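# Examination of the molecular architecture
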Amino acid sequence: MIKAIIVDDEKHCADRIKLLLGKYTGTIALIGSYTTIGEAKGAIESMAPDVVFLDVHLNEDTGFDLLRQLKLINFEIIFTTAYDSYALDAFKFSALDYLLKPIHGEDFDITMARLKERTGLKDTSKKIEVLFHNFGNKISRLKKIVIPTLEGLTFINASEIVRCQSDGNCTDIFYGKGKRITATKTLKHFEEILGEDLFFRVHKSHFINMSCIDKYFKGKGGYVLMQDGAHIEVAVRRKEEFLRKLKDMD
């Protein structure tokens, strides 16, 4: 049985989570609900929950203040937050779950499915480190990203990624100086979290860092020479948008 607690200073939000947890009584037991950092810290240390539904904003404090006070984070965290595009990006880059308020049942079910799929809690502290790093560096090129692999999690700077190449349900990520790692996520996943400020999908199988292009060769669609020596085809239907983006980066 998964032990859960709620940390939220808005009663109606906590009540919403309690209601949605009702259908999971066979697998998740709600063992407490708290409104302050002090209460939550004591409960976490004494009750050892498996998952914490953590509100980002708690009166004059934040959920991050609570996490900084804990000596050990060996539980899953599901953040609950109102819309904040920068905060959502930080969660995505850090591979941490979040629920957007007001919480919809379908989103909650998806999050619960992911929770039950996880086999261990040992990487949560590392994810939190990445989250704090990303919140402290608001320039997208400085953000760290969590890469899930068959061996575990790898943490790299997003700006180091030269290109991502689809490999079925996995993605080969080429970064740094000749480094390569296979992620257990689709190319679409990385397209969504990296966005297109710095990256661009030039082909159905290739998502590239525009700042890592050495040269563009003209043709029907043309192709690019990347810093790692790879020649990547530009799809004809993407050529116009690609050239426009390339020009904007000059």
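Computed from a prediction, not measured in an experiment: that's the story for all the values here.

With 13 residues, helix H5 (residues 105-117) should reach 18 Å at 1.5 Å per residue; the first-to-last C-alpha distance of 19 Å fits that figure. Among all positions in H5, only Phe108, Thr111, Met112 and Leu115 are buried. Projected down its long axis, H5 carries its buried residues within an arc of 100 degrees, all on one side. In H5, those exposed residues whose orientation departs by more than 90 degrees from the buried face are Glu106 and Glu117.

This paragraph deals with the pairing of strand E2 (residues 28-34). Bridging between strand E1 (residues 2-7) and E2 involves six bridges; their strand directions are parallel. Paired with Ala4 across the bridge in E2 is Leu30. Where the polypeptide runs from E1 across helix H1 (residues 11-21) and back to E2, its parallel neighbour, the crossover connection is right-handed.

On to the nonpolar core. Counting 24 residues, the largest nonpolar core has Val7, Leu54, Leu67, Phe75, Ile77, Phe79 and Ile128 as its most contacted members. Looking at this core, the elements that each hand over two or more residues are E1, helix H2 (37-47), strand E3 (51-55), helix H3 (63-69), strand E6 (76-81), helix H4 (85-93) and helix H6 (124-136). Looking at this core element by element, the count peaks at four residues for H2. Beyond its immediate stretch of four places on either side in the chain, Ile77 contacts Val52, Leu54, Leu67, Asp97, Thr124 and Ile128. Listed in part, the 17 residues of the second largest apolar core include Cys164, Ile173, Ala183 and Leu198.

Turning next to the sheet that holds strand E15 (residues 213-217). If you walk across this open sheet you meet the three strands as E15-E16-E17, and the pairing is antiparallel. Because the sheet does not close on itself, it has two edges, and the strands there are E15 and strand E17 (231-233). For this sheet the average axis-to-axis angle between neighbouring strands, irrespective of direction, equals 25 degrees. Along the sheet, helix H8 (residues 236-248) makes contact with E15 and strand E16 (223-226), crossing E15 at roughly 135 degrees.

We now examine the confidence of the model for the chain. Taken as a whole, the chain shows an average pLDDT of 86; of its residues, 90% reach a score of 70 or greater. A low-confidence stretch, residues 138-142 stays under pLDDT 50, and its non-local contacts, those more than four residues away or across chains, total seven contacts.

Attention shifts here to the pattern of salt bridges. Per the stated rule, a full pass over the model turns up 15 salt bridges. The partner of Lys101 in a salt bridge is Asp8, and the shortest N-O contact between them spans 3.1 Å. With a gap of 93 residues between them, Lys101 in the loop between strand E7 (97-100) and H5 and Asp8 in the loop between E1 and H1 connect regions that are remote in the sequence. Between Glu191 and Arg201 there is a salt bridge whose closest N-O contact spans 2.7 Å. Taken together, the positions of Glu191 in helix H7 (residues 187-194) and Arg201 in strand E13 (residues 199-203) put the pair 10 residues apart, joining distant regions of the chain. Classification of Arg201 by relative accessible area gives buried; the value is 18%.

Criteria and thresholds
- Residues numbered from 1 in each chain as written.
- Predicted model: local features only at pLDDT ≥ 70, side-chain atom pairs only at ≥ 80, totals over all residues.
- Heavy atoms only, no water.
- Helix = DSSP H or I, 4+ residues; strand = E, 2+ residues; numbered from the N terminus.
- Expected span 1.5 Å × (residues − 1).
- Buried < 20%, exposed > 50% of the residue type's maximum accessible area, 1.4 Å probe, protein only.
- Arc of directions from axis to C-beta.
- Pairing = 2+ DSSP bridges.
- Right-handed = clockwise from strand over helix to strand, strands pointing away.
- Core = buried A, V, L, I, M, F, W, Y, C linked by side-chain atoms within 4.5 Å.
- Contact = heavy atoms within 4.5 Å.
- Axes fitted to C-alpha atoms, helices over the stretch in contact; angles between N-to-C directions.
- pLDDT = per-residue confidence, 0-100.
- Salt bridge = Lys/Arg side-chain N within 4 Å of Asp/Glu carboxyl O.

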